[in-house]
Amino acid sequence: MKRSLIATCFMTLPVGFLVAALAPAEEPAERFLEALRENGYYDIALDYLETISDSPAVSADFKKVLPFERAETLIKSTANIRNVDEWEAVLDEAQKLLSQSAQLADTPELQARSQRYEGNLLYRRARVYMRRSEDDRLTVQEQQALMKKAQEQLQKSMEVYQQARASLKDLISNFQIDPDDPGSAGKKKSLESTYTKVRIRAPLIMEQLADTFPPGSEDQKKYLKEAATGYAELWDKYFRFAAGLDSCLFAARCYQKLGDYDQSISYLQEIFALNDSTALRPLKRKAMVLAADAWMKKEPYAFDEVIANFEPTVQRLTRAELRMPEWQRIQVELARGYRKKAEALEAEKSGKNTGRINNFNRDAVKLAKSISRVPGPHREMATELLEQWNLSVNVEEEATKPIESFVDAKQKGTDHVAEVEIILGEVATAKTELVNAGTDSEKRKFQQELDDARERLTAQANRALAMFDLALTLSDDETSRADINSLRYLQAVCHFAMSNYFESALIGEFLIDRYPNVNGSRQAAGIVVKSYSILHDTAPPEDKAFEKDRLLRTCNVIVERWPGSNEAGDAASTLAQMALLNKDFEKVEKYYAMIPAGHSRHMMLGTRIGQKRWFDYKDKLRQQETDPSSISQSDIDASLAAAKSYLAGSVQSAQPGEVSYDLALGSLLLVDAHLETGDVDQAIRQLESADVAPLDLIKEKHPAIMESSARDLFIRETFKIAVKAYLAALGNQPDNSQWIDKAQGVIRQMREDAKVSNDPQAQAKIVVIYRLIASQLKQQFETIQDTQQRKAFAANLARFLESIEKESNDPRTILWAGSTLMSVSNSLSTQPGAVDANPYYQQAVNAFNRVESLGLQDPKLKTELNRQRAMAKRGLGQYEEALAALTEILKEKQTNLTVQLDAAETLQQWGRSAKRSRAYGEAMMGTAKERDPKTKRQVNLVWGWRKLVQALRDNPKFQDAYYQSLYGLIESRLEYGKLENSEKAIDSALKELTNAQKRHPEMGGAKWQGQFNDLQQRIKQAQQ
Amino acid sequence: MLKAACPLNLTAFCSWVMMTMLLASPESVQAQSNDSVYMKAGVGGSSVQRGKITETSKNGVTLQGRNGTEEIPAQNIKKITFAGEPSSLERAQSRLESGRYDDCLAELAKITEAPSELIQTEVAFMKAYSQAQKSLKGGDVTAQQAGSAIRAFAQNYPDSHHFYPATDMLGQLLVGIGKPDLAEKEFAKLAQSQWPSMKIQGLFQQGNALILTGDLENAKKAFSQIVEMDANDDESQQFKLVAQCQIAKIMALQGDSDGGRAIVEKIIKDENPDNALVFAHAYNALGTCHLQSQQPKPAAIAFLHTELLYGTESAPHAEALYNLCKLWPQLEETDRANRARQALKSRYRNTYWALQL
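Scoring rules and cut-offs
- Residues numbered from 1 in each chain as written.
- Chains lettered and ligands numbered in written order.
- Predicted model: local features only at pLDDT ≥ 70, side-chain atom pairs only at ≥ 80, totals over all residues.
- Helix = DSSP H or I, 4+ residues; strand = E, 2+ residues; numbered from the N terminus.
- Buried ≥ 20, exposed ≤ 12 C-beta atoms within 10 Å, placed from the backbone.
- Contact = placed C-beta atoms within 7 Å.
- Core = buried A, V, L, I, M, F, W, Y, C linked by C-beta atoms within 7 Å.
- Nonpolar A, V, L, I, M, F, W, Y, C, P; charged D, E, K, R; others polar.
- Pairing = 2+ DSSP bridges.
- Axes fitted to C-alpha atoms, helices over the stretch in contact; angles between N-to-C directions.
- Parallel < 35°, antiparallel > 145°, perpendicular 65-115°, else oblique.
- Left-handed = near helix turned anticlockwise from the far one by under 90°.
- Expected span 1.5 Å × (residues − 1).
- pLDDT = per-residue confidence, 0-100.

Asker: Where do I start with the overall build of chain A in this structure?
Answerer: Counting secondary structure elements, chain A contains 48 helices and two strands. By the burial criterion, 40% of the 1024 residues in chain A qualify as buried. Of the contacts formed within chain A by residues at least 6 apart in sequence, a portion of 60% connects residues at least 24 apart.

Shown next as structure tokens:
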């Protein structure tokens, strides 16, 4: 047994001291670097390595190893990285550094160092593959392939570590201590310490290798046994070192994985025997958790061992520790131990142990209840135990002793407050359950539970307050200010719990103002913020000034006085939210930066800021459209960048268990923001496979979405953005069928949802989405400059729309597919680098014919169908048929402006295409004469450009149509004049243009001015 | 001058009576007839001198031994055991030496009546000292409570050889409650001591207190006196280096950050980094230089040296933690600020630096 030796060793020295003692004494730089890494300050360590590269205070020897140390720092920093892509990128950077520095390793010592770091790199790479294989979207084969890669990396890592071990062994055995060099002995010790660290790597790798094989497999067992043996050897040899102690724990872990609980517990007992120093506490905690699992599975249940090992530690847990999941697990097991002990005594039926049985039962119930009443991972286990035991024990029962001093009264009151906090947890749970209750009987049940909990809360808080009043009357000159202040703080807690917010705020403010430097004041400040926040939120809208003023004042005091504290985080969060309401983003950023990353509100506030900045960006875009001079592009870009940064920061830091509707929406907006900046790959990753991926959430029917009142909107928007992302991914690849398949899949899902939806407007909403998608596609298409890319995109798009059209029997969907094709075909044929659009026009005609055959009930849609088909035919050069179709529409409603414009344009195109002067004439003057049933006079059903100009002039509502008509009229004259060699017509065109310019100097603004200027040039050229 | 009361005289022939007492009384007494003065390591001559303490003063004790009367300077005394002292006193002494102040106080509580005035003085000192140490280490004794106890001791026993250590402790407690101006006056008393190491300690603490009051010129004078002292023993050498670090810090606070940095960087380069006291002060001074030059990141790195490598030096460690609390938010590292705050609050609860939060 080496316990006694270790106990002596650790009685006075923390583990860190032992490590430090072994570290080289001559170099504070290396020691500091190691300490930075041990404490997780990787960013500072990297900065530090930069700064010391030219520092005269650092030795030349250490400067030589800086690239290696930089690589090792990068490798170790991956322990803090959650995103596996980022993780891999950092390892790549480290590998690059190690490769670049390979030639620097020109001494055996440097070679050993380089080998060690390379071994670690390979080990961490294996972890990357293992993490990737956990993705449940992968097939079994894909997962196995990744595990195979992990195994290869681990084998290589093992080989490299073996080389490092051999190198270090040589170095140590050949090391000569120089009596003239005081640092010489320390250097040897440092090498020996490094050697132990390298030695523990072998079993670690073995254990990791075991994890790459299926649980229970022979391979897994083989590697676990090897790992356990390796750890055991290390424990035997290096039991005075931290690495040896870790080995003992790890050996127990391996035996537990192998199902050998006796062997596992025998190792854990070695750890329990160590003294209770702070340095050993984390190790003991881990050992106890392992032991709890082992004892739970062992038969017969070793209740005496459980009680003997856990009870002394559990009795000394601090309030903070009592809530830690690991300690909670240990408490549950101790509760089980008590109960089992009671059962064993009951089974003896001696009749002599009634008192002991009652005590054990009471302790068991008390402990299990305390865990079952607060949220945590072991709550369910504790609840199950309580149900299983079904014991009626009064845990409140306790000896009543008279309260005679301030200390006693305060302690009693503090105990009551602890109970208040537990009941508060019950109130919160009951509220949640009430909200989620499905049936009326459930609602009644949870309402009753909530009422009961509130009643108990009030009673308990009043008990605590009464005890605090008593304590104050018992206080005297000897009572410290700190004690009285902490009591005041607890008074504030009680008032807050009873919703007496003015009282809690008042007490807290008193403490902040009068005793800002005394313990308890900071926590009280937190209560003041919460109190005024609630009062502010519940005050009538016209009467919030007082609460707002007090809230802002308190928050500002807190962030200035206690920066970095949780309370300052709460205060900064409140200030940021208020600034957010006013869209004062500068202040929002300032306060947000004050909230610690791990603070409970950090992520959610980040999401809200991101959302707000995104909507602000959208507002600015609209503003730019309306009045381009009113806002700068850099301002718009800054809004987009800020939105993206906040959304990414908060969404990517969220754990899957933290998903809320706000966070899901943040994730969706992040997808859109990525698309906005052209980061299509990132958009798709966020959409499909991020920790909080909108499509995934819908697929798994996540309660955050399904239980939200905005459920339908979220789903619809997700589908819309998903299609947008997939179509954006189509890009210019010649064949990108996966994106087409995915887009189709989403559209199919969207239609199915609409079918089963109770929303009468569901179908119409889908059509709106179709239109938006079409408009976005058109925009996307128009931004492509290269002819080949345009062709490729058009071909992909046509395939996509064709598949949509073919598999659908819904006329609206097919109509949308045809219209979208039309839109793209028009862009193809009219923009520079024209591409043959005929196949797409023909595909559109076919789609429209199919819609007609399926039947359309809505007359407006019928008209739209005929118009679109006419346009497609015009695209195909079938002008006569197109004109006939348009004329038919005009017979129904001659004032259909869109159709009139289309008809005039069709005639002009016919003139241009067929060099047909008559068509130009009709484009200008109109055609299709018919008798007006009212006036009985002959009128043109197709008005032509001239009449359109006359009809639309001076009507601001139709300004755009007016300039289109004016342009068509003048251009038709010019082209007619050129076709017929008519100077008169060309002059007339110029005259018409000059007159228009005199009448409307602005000539339709930016959109039209340029076109009219070009037209003027063309006329002048024709005149020469 | 305090005349020692006659100790309980136990003779060998009464050993059976002694045994009876040991069995019958909850509080036993030592079976020794002499006072024993244990000397510090490195002091020449016998490690223990026995006899009867006839007088005590701030500067030492007078021992009447077999070979006559001898003045033993307080600076040479490791500990004293008294003839007829209760066994609890020895146990309390042992607990005190190993830093188990609660246990020490528990043992002292068993001594209901001191057999002599010397023992009474010793008990009073150990009680006050334990409370002061508990307070300084963040225990459940407030600085006010400890300060009252230690001040009472200094007032009631001005001729105890514990007077200077008690005064030093009082000064430290006054700093801990944010009264460096009052503390400076206490430390000034130490600086007047004939006891060289106490004189250096007094000047050093006086300088530190003056920095906190903002009287940088006088602080510099105090540290300069240490540097210029004609002493070359290890302890003096160490304090001279630390004093140089503090001078460098003052230079930075007075606007000469570069000058201060040059001094402290030379110390860091030349001295053995295992010298924790010197290096903790050196890195804190370097941090202050960077702070004064508006360089928060290098400042944080400097203070981190103290935090991570020299945390055993409690006073500079608390100062480093305080500075890190203030620096991390500037570097947008609020989590780290929070950790530093927690460490300062939990480990150095009753210190000047925790009070500044």
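There's more to say after this.
Asker: Before we go on, may I ask you to explain the overall build of chain B in this structure?
Answerer: Scanning chain B for helices and strands turns up 16 helices and six strands. For chain B, long-range pairs separated by at least 24 residues make up 53% of all intrachain contacts whose partners lie at least 6 apart in sequence.

Asker: Mind showing me how you'd approach the nonpolar core here?
Answerer: One broad rule of soluble globular proteins: the nonpolar side chains tend to lie buried together. Core analysis: the biggest nonpolar cluster contains 283 residues, and Leu36 and Ala725 of chain A together with Ile150, Val264, Ala282, Leu324 and Leu344 of chain B have the highest contact counts within it. Top element by residues in this core is helix 10 (residues 234-253) of chain B. It accounts for 11 residues. Setting aside residues no more than four positions away along its own chain, Ala725 of chain A makes contact with Val671, Leu675, Val680, Ala683, Ile684 and Leu687 of chain A. Formed by 85 residues, the second largest nonpolar core is a distinct cluster that contains Leu91, Leu98, Ile200 and Leu268 of chain A.

Asker: Sorry, what's going on with the interface of chain A and chain B here?
Answerer: Where interface size is quoted, it is often the accessible area lost as the parts come together. Taken together, the contact between chain A and chain B spans 26 residues of the former and 26 residues of the latter. Those elements that provide at least two residues to the side of chain A that touches chain B are helix 3 (28-38) and helix 4 (42-52) of chain A. The dominant element in the side of chain A that touches chain B, judged by the number of residues it contributes, is helix 3 of chain A, at five residues. Here the side of chain A that touches chain B is built from residues that sort into 17 nonpolar, seven polar and two charged.

Asker: I tried to follow the pairing of strand 2 (residues 938-942) of chain A on my own but got confused; where do I start?
Answerer: Walk down a regular strand and you will see the side chains alternate between the two sheet faces. All names here are of chain A. With four bridges joining them, strand 1 (residues 927-931) and strand 2 adopt antiparallel strand pairing. Across the sheet, residue Glu930 finds its bridge partner in strand 2, namely Val939. Hairpin geometry of strand 1 and strand 2 is characterised by an intervening segment of six residues between the two adjacent antiparallel strands and by a positive phi of about 65° at Lys936.

Asker: Would you take a moment to explain the packing of helix 43 (residues 897-914) of chain A against helix 44 (residues 917-925) of chain A for this structure?
Answerer: Residues and elements named next belong to chain A. Interhelical geometry of helix 43 versus helix 44 gives an angle of 160° and a closest axis separation of 7 Å. In terms of their interaxial angle, helix 43 and helix 44 are classed as roughly antiparallel. For helix 43 against helix 44, the interelement crossing comes out left-handed. For the pair helix 43 and helix 44, contact is made by Ala904, Leu907, Gln908, Trp910, Gly911 and Ala914 and by Ser917, Ala919, Tyr920, Glu922 and Ala923, respectively. A breakdown of the residues in the contact of helix 43 with helix 44 according to their chemical character gives seven nonpolar, three polar and one charged.

Asker: What's the story with the environment of Glu30 of chain A in this structure? I'm lost.
Answerer: Following the sequence through the fold, Glu30 of chain A ends up in helix 3. The sequence separation of Glu30 of chain A and Leu49 of chain A amounts to 19 residues, and the corresponding C-alpha distance is 9.9 Å.

Asker: When you look at the pairing of strand 3 (residues 48-57) of chain B in this model, what are you seeing that I'm missing?
Answerer: Residue and element names in this part refer to chain B. Both strand 2 (residues 35-39) and strand 3 contribute to a ladder of four bridges, which runs antiparallel. From the neighbouring strand, Tyr38 faces strand 3, where its bridge partner is Val48. Where strand 3 meets strand 4 (residues 60-65), five bridges bridge the pair, whose relative direction is antiparallel. Bridging across to strand 4, Glu55 finds its partner in Thr62.

Asker: Could you clarify how one ought to interpret helix 31 (residues 661-676) of chain A in this entry?
Answerer: Each turn of an α-helix holds 3.6 residues, which means side chains three or four residues apart point in the same direction. Here helix 31 of chain A contains 16 residues, and its C-alpha end-to-end distance of 22 Å stays within 8% of the 22 Å for a straight helix at 1.5 Å per residue. Across the 16 residues that make up helix 31 of chain A, a large majority, 13, are buried.

Asker: Before we go on, may I ask you to explain the confidence of the model for chain A in this structure?
Answerer: If pLDDT is low for a region, its predicted coordinates should not be looked at in detail. Residue and element names in this part refer to chain A. Scored by pLDDT, chain A has a mean of 84; 94% of the residues are at 70 or more. Between the elements of chain A, mean pLDDT differs from a low of 34, seen in helix 2 (residues 15-22), to a high of 94, seen in helix 43. Low confidence marks residues 1-27, where pLDDT is under 50. Its contacts with residues over four positions away, or in another chain, come to 43 contacts. Every residue in residues 396-400 scores below 50 in pLDDT, and together they form zero contacts with partners more than four places removed in sequence or on other chains.

Asker: Help me understand unusual backbone geometry, please; the structure alone is not making it clear to me.
Answerer: Glycine aside, a negative phi is what most residues show, and trans is what most peptide bonds show. All names here are of chain A. The omega torsion across Glu299 and Pro300 is -10°, close enough to zero to call that bond cis. On the secondary structure map, Pro300 appears in the loop between helix 15 (281-297) and helix 16 (303-315). At Lys936, a position not held by glycine, the phi torsion is positive, near 65°. Along the polypeptide, Lys936 turns up in the loop between strand 1 and strand 2.

Asker: I tried to follow the environment of Arg82 of chain A on my own but got confused; where do I start?
Answerer: Residues and elements named next belong to chain A. Structurally, Arg82 is set in the loop between helix 6 (66-77) and helix 7 (84-100). Looking at Arg82, the number of C-beta atoms within 10 Å reads 12, which means it is exposed. Arg82 sits 571 residues away from Ser653 along the chain, and the two C-alpha atoms are 8.2 Å apart.

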